[in-house]
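What follows is each chain in one-letter form.
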Amino acid sequence: MSTGEELLRSKGLRVTRPRLAVLDVLAAGGHLEVDEITRRVRERLDSVSTQAVYDVLGALSRAGLSRRIEPAGSPARYEARVGDNHHHVVCRGCGEIADIDCTVGSAPCLDPHTAHGFEVDEAEVTFWGLCPTCQARRSADE
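Everything in this summary refers to the structure shown in the same document. What you see is a predicted model, and the numbers here were worked out from it, not measured in a lab.

Parameters and conventions
- Residues numbered from 1 in each chain as written.
- Predicted model: local features only at pLDDT ≥ 70, side-chain atom pairs only at ≥ 80, totals over all residues.
- Heavy atoms only, no water.
- Buried < 20%, exposed > 50% of the residue type's maximum accessible area, 1.4 Å probe, protein only.
- Helix = DSSP H or I, 4+ residues; strand = E, 2+ residues; numbered from the N terminus.
- Pairing = 2+ DSSP bridges.
- Expected span 1.5 Å × (residues − 1).
- Contact = heavy atoms within 4.5 Å.
- Axes fitted to C-alpha atoms, helices over the stretch in contact; angles between N-to-C directions.
- Salt bridge = Lys/Arg side-chain N within 4 Å of Asp/Glu carboxyl O.

## Description of the pairing of strand E4 (residues 87-91)
Moving on, step 1. Among the five residues that make up E4, four are buried, leaving the element largely enclosed by the rest of the structure.
Moving on, step 2. Of the strand pairs in this sheet, E4 and strand E5 (residues 97-100) are connected by four bridges, and their pairing is antiparallel. Paired with Val90 across the bridge in E5 is Ile97.
Moving on, step 3. Counted along the chain from E4 to the antiparallel partner E5, the turn is five residues long, and its residue Gly95 has a positive phi close to 85 degrees.
Moving on, step 4. Pairing of E4 with strand E6 (residues 126-129), which is carried by four bridges, proceeds in the parallel orientation. Each bridged residue has a counterpart across the sheet, and for Cys91 the counterpart in E6 is Gly129.

See the structure below:
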């Protein structure tokens, strides 16, 4: 497995302590908001600004080392799972997000009939519903 330093260098990025710390945080998993990433990075480094974390996340996303997702009505979130065109399911109750492997089938949103001249290389699909915890809460309230 590649180290953070090797990953950064392979994409032509300078190796810095903030970039390594953000990569470590993202590698731990999840779909994290910038505030949570910043909090976790600060546990690893003496000092880092929120703006520095935004800058690192932008560089990592442009380089294909992280993925930014922004479900409707939610702040941007970041994850380390990249390059596989997976999708997400979002809980309408608590906002929890989980990965869903690439959807297959002939739904129009996955294989557009007319792409208006675009060369389509990815479909971003977000499923919405209630997670098991919110379903249990709903049942208890009924």
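## Remarks on the environment of Glu122
Moving on, step 1. Mapped onto the elements of the fold, Glu122 is located in the loop between E5 and E6.
Moving on, step 2. In sequence terms Glu122 and His86 are 36 residues apart; their C-alpha atoms lie 9.3 Å from each other.

## A few points about helix H4 (residues 50-62)
Moving on, step 1. For H4, which comprises 13 residues, the first-to-last C-alpha distance of 18 Å matches the rise-based estimate of 18 Å (1.5 Å per residue) to within 8%.
Moving on, step 2. Here H4 has its buried residues at Val53, Val56, Leu57, Gly58, Ala59 and Leu60.
Moving on, step 3. Buried residues along H4 sit in contact with helix H1 (4-10), helix H2 (17-27), helix H3 (34-44) and strand E3 (77-79).
Moving on, step 4. One or two positions beyond H4, positive phi appears at Gly64, with a value near 80 degrees.

## What about the sheet that holds strand E1 (residues 32-33)?
Strand pairs in the sheet, formed through backbone hydrogen bonds, run parallel or antiparallel to each other.
Moving on, step 1. On the basis of which strands lie adjacent, the open sheet formed by three strands has the order E1-E3-E2 and antiparallel pairing. Among the strands making up the open sheet, the edge pair consists of E1 and strand E2 (67-69).
Moving on, step 2. Examined bridge by bridge, E2 and E3 share three bridges and lie antiparallel to one another. Within E3, the residue paired with Arg68 across the bridge is Tyr78.

## A word on the sheet that holds E5
Moving on, step 1. Strand order in this open sheet of three strands is E5-E4-E6, and the pairing throughout is mixed. Two strands in the sheet have a free side with no partner beyond their single neighbour: E5 and E6. For this sheet, the mean inter-axis angle between neighbouring strands, taken without regard to orientation, is 25 degrees.

## Here we look at the pattern of salt bridges
Oppositely charged side chains can pair when the atoms bearing their charge come close.
Moving on, step 1. One pass over the full model with this rule turns up ten salt bridges.
Moving on, step 2. Residue Glu5 is joined to Arg9 by a salt bridge in which the shortest nitrogen-to-oxygen separation is 3.5 Å. Taken together, the residues span about one helical turn, with Glu5 and Arg9 both in helix H1 at a distance of four residues.
Moving on, step 3. Overall, the relative accessible area of 35% leaves Glu5 in the partly exposed class.
Moving on, step 4. Close ionic contact of Arg81 with Asp84 constitutes a salt bridge, the shortest N to O distance being 2.5 Å.
Moving on, step 5. On the basis of relative accessibility, which here comes to 28%, the residue Arg81 falls in the partly exposed class.
Moving on, step 6. Judged by its relative accessible area of 30%, Asp84 is partly exposed.
Moving on, step 7. In the salt-bridge network here, residues are joined through shared partners; they are Glu36, Arg39, Arg40 and Glu43.

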